[in-house]
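# Per-entry structural report
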Amino acid sequence: MRKYIDALMLLLWVGHVLLYAILAPPWQHYDEPTHFEYIALIRELGQIPSLDVHDRGLRQAIAASMLEEGFFASPRTELEPFELDDPELSLGFNERTHPAFYYWLAATLTQPFQSKPVVDQLRAVRMLSVLLATLFFYSGIRLVSMLQLASEVRWAILASLAFNPALADTMSSVNSDVLANLVAVWLFAASLRFAQRPSWRWLLVGLGLMLLAWNVKRMLVPFALIVPLGWLMSLPPPSRWRIGAALAVGLGLSCYGASRVLPSKLAAWTSVAANSEPGFELQSTTIVRRGAAAFQLARPVDGPGPMLEQEIAPFLRKELAGQVLTLSGWMRTDREEILGFTPALQYNQTVVQDSIYFGTTWKYVSITTRIPTNTTYLAVRLSGPLSQATVFYDSLALIVGYAPGDDSIPDGELEKALLDQGVPQNFLRNSDAELLIPRVPSAISGITARHVNAQNIDRMMEKAVNPQWIRAVYPRQGLALFQGFWGIFGWGEISVSAGWFTAIGLLVGFGLAGAIRQSYQFARRIPSDRDQIQRLAWWMGCWAVGLGWSMAFLRVHLQPIQGAFIWSFGRYTFVAVVPSVIILVVGLGSLLPPHLRRQGLVGLSVFIGLFASMALISTLLPYWAAFKVGL
């Protein structure tokens, strides 16, 4: 009976994924044109291309197919159609920053379709994704079999996977996430198998899978830590706790040492004068300012004073070109009535700045100018005093329009997506001089240069220590991950109706409450042999969920383009989708009375199946129909 139901669930899953692979219009999946370009480029060149290599003819063929298939006629897109003769024609994000294994595999397996039209080649790669999705679900079945769960719990887990519309959508796309999600299931299974029955064989399997994870997707690498966690869980409890505690202490000391021992620099600002490290001085408690610290620029006895600079990113510079800008802030010095300069705004070769007299009390200053539409360089500069003294800056702001007359403008780390309506956006980061971040060692920046350069690491660290940014971002990030896990789709990033999210949110809330209850029961009772297997699997599952969701959550810290806010959606949590669903279903089951558990979990399966059907009927099919009519 169990084999028949497993086979039925597998068939339902394959049918579900096939529907999304066939009905989602060509090129509409998330970044599908650029993922496909990488695959086709490997086929054309016969080797892995470098970051800056592209085939103009191939790129034009993909762009022409997108135009022919009505990509820009989509009812959800606001993009401008391609100009095929544009010498700088670009399809979007350069996917060659990602590891090449998935793209090489897809290029090799779809080689027979190389002479077909581009759109047929795309459909061939989508069918490869369906095959990988089939292997993903089969691996999930084998993993669930290892847990020795009751039949109703097992089938509810498989139904929740088979009927998840967002998961089916992702697994039907041309995207390295498809292979990453499959490898994640293998990683969890290998770690659990080793924890249950340690052996050299499973140790080597785990190491091989960790190497594979590195070559499939970098976001998968943190999740691969589940393998050494499995090694740790295989130890007897006393040794496990001692080693775990030692590792935790070592990690904490490493983080502390990185923040205290490594040389630091003032976040987002660059010193542009020789031999001038910016200082950092706490303000007097008698001076009420928004920041807890201020910029400190002191003129030495000999030589020029220091200068700090922050260049506005090209992405934002284009947005600001041709507009009236106001640069404002507060200044004071440690001497009475000296001559100095206001903060300066430089565009191209022009510097806008005023000279002023100021003293030991804070003084509000501002300059306003219109910058030309052909601005190719835009930066803010802070100068030291003209005489031997120390000058302080605080609450700086660069906004569009005229000076607001106060210092209530948020820091520039709070991009437009995080601001309330009517609050001006500050285009300066670290405007209160509160953030010092450790310098990235040259060895690390050299190793990570291809994937995460030093500037990106700096931006992540700025956000990691910015409580205001965290308070503004994390609630929205959590909501985006929850909705994306269940019902936000790659094609146009459209979603199911809000009512479904409310119902599923209630289920998830009860499931989390049940999971907490289940964790408490596992922690306090003495387990039997079967309970020991389930308890080990439970804690391993909790670790896997924590790793997968944490990395998806923290990805919002990585903003490679200043001002272009990038949220993480649910597809980044799918590396942990199997343990997540296991924890959810087992948690819900633990809240139900034993005599109603079977009926309750069957009802859960029916509800998720109805949700999948409504996602097809009310979301995918209307989108597909509107797309066809638009053509």
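Owing to the predicted nature of the structure, the values given are computational and were not obtained by experimental measurement.

## Some remarks on the environment of leucine 89
Looking at the secondary structure, you find leucine 89 in the loop between helix H3 (56-68) and helix H4 (101-109). When the C-alpha atoms of leucine 89 and arginine 59 are compared, they prove to be 7.7 Å apart, with 30 residues separating the residues in sequence. Apart from the residues lying within four places of it in its own chain, the contact partners of leucine 89 are Arg56, Arg59, Gln60, Ala63, Phe82, Glu83 and Leu84.

## A look at unusual backbone geometry
In this structure, asparagine 348 is a non-glycine residue whose phi angle is positive, near 50°. With respect to the helices and strands, the residue asparagine 348 is situated in the loop between strand E8 (344-347) and strand E9 (350-352). For serine 395, which is not a glycine, the phi torsion comes out positive at approximately 50°. The topology assignment puts serine 395 in strand E13 (residues 390-400). Look at serine 395 and you get buried, because its relative accessible area is 4%.

## Looking at the sheet that holds strand E5 (residues 307-311)
One open sheet holds the five strands; their spatial order is E2-E5-E12-E8-E9, and the pairing between them is antiparallel. Across the chains shown, the open sheet's two edge strands, defined by having one partner strand only, are strand E2 (270-271) and E9. The pairing of E2 with E5 spans two bridges and is classified as antiparallel. Within E5, the residue paired with threonine 270 across the bridge is glutamate 309.

## Concerning the packing of helix H5 (residues 118-145) against helix H6 (residues 151-162)
For the pair H5 and H6, the least separation of the axes is 11 Å and the interaxial angle reads 160°. Considering their axes alone, H5 and H6 lie roughly antiparallel with respect to each other. The two elements H5 and H6 meet at a crossing, and its hand is right-handed. Residue-level inspection shows Phe137, Ile141, Val144 and Ser145 of H5 in contact with H6, the latter providing Arg154, Ile157, Leu158, Leu161 and Ala162. When the residues that make up the contact of H5 with H6 are grouped by side-chain class, the tally is seven nonpolar, one polar and one charged.

## Regarding the layout of surface pockets
Unfilled space is identified by rolling a water-sized probe across the atoms. In this model, the second largest pocket occupies a volume close to 750 Å³. Leu229, Leu232, Met233, Arg240 and Trp543 are, among the 21 residues lining the second largest pocket, the residues nearest its centre. Sort the elements by how many residues they give to the lining of the second largest pocket and helix H12 (residues 237-260) lands first, with eight residues. Along the lines of polarity and charge, the residues of the lining of the second largest pocket split into 17 nonpolar, two polar and two charged.

## Side note on the packing of aromatic side chains
Inspection of the entire model under this criterion finds 16 aromatic pairs. Where phenylalanine 485 meets tryptophan 486, the ring centres are 5.2 Å apart and the plane angle is 75°; that geometry is what we call edge-to-face. Ring centres of phenylalanine 522 and tryptophan 538 lie 6.0 Å apart, and the angle between their planes is 45°; this geometry places the pair in the tilted category. Within this pair, whereas phenylalanine 522 is found in helix H17 (residues 498-524), its partner tryptophan 538 is found in helix H18 (residues 529-554), the two being separated by 16 residues in sequence. One aromatic cluster is present, built from ring pairs that chain together Phe485, Trp486, Trp549 and Phe574. Sitting over the ring of tryptophan 214, arginine 218 keeps its end group 3.9 Å from the ring centre. The ring of phenylalanine 392 carries the charged tip of arginine 332 above its face, separated from the ring centre by 4.3 Å.

So, how was this worked out
- Residues numbered from 1 in each chain as written.
- Predicted model: local features only at pLDDT ≥ 70, side-chain atom pairs only at ≥ 80, totals over all residues.
- Heavy atoms only, no water.
- Helix = DSSP H or I, 4+ residues; strand = E, 2+ residues; numbered from the N terminus.
- Contact = heavy atoms within 4.5 Å.
- Buried < 20%, exposed > 50% of the residue type's maximum accessible area, 1.4 Å probe, protein only.
- Pairing = 2+ DSSP bridges.
- Axes fitted to C-alpha atoms, helices over the stretch in contact; angles between N-to-C directions.
- Parallel < 35°, antiparallel > 145°, perpendicular 65-115°, else oblique.
- Left-handed = near helix turned anticlockwise from the far one by under 90°.
- Nonpolar A, V, L, I, M, F, W, Y, C, P; charged D, E, K, R; others polar.
- 1 Å grid on protein atoms, 1.4 Å probe; cavity = no way out; pocket = protein on both sides within 12 Å on 5 of 7 lines; lining within 4 Å.
- Points joined across faces, edges and corners; volume = space filled by probe spheres on them.
- Phe/Tyr/Trp six-rings, centres within 6.5 Å; stacked < 30°, edge-to-face > 60°.
- Lys NZ or Arg CZ within 6 Å of the ring centre and 35° of its normal.

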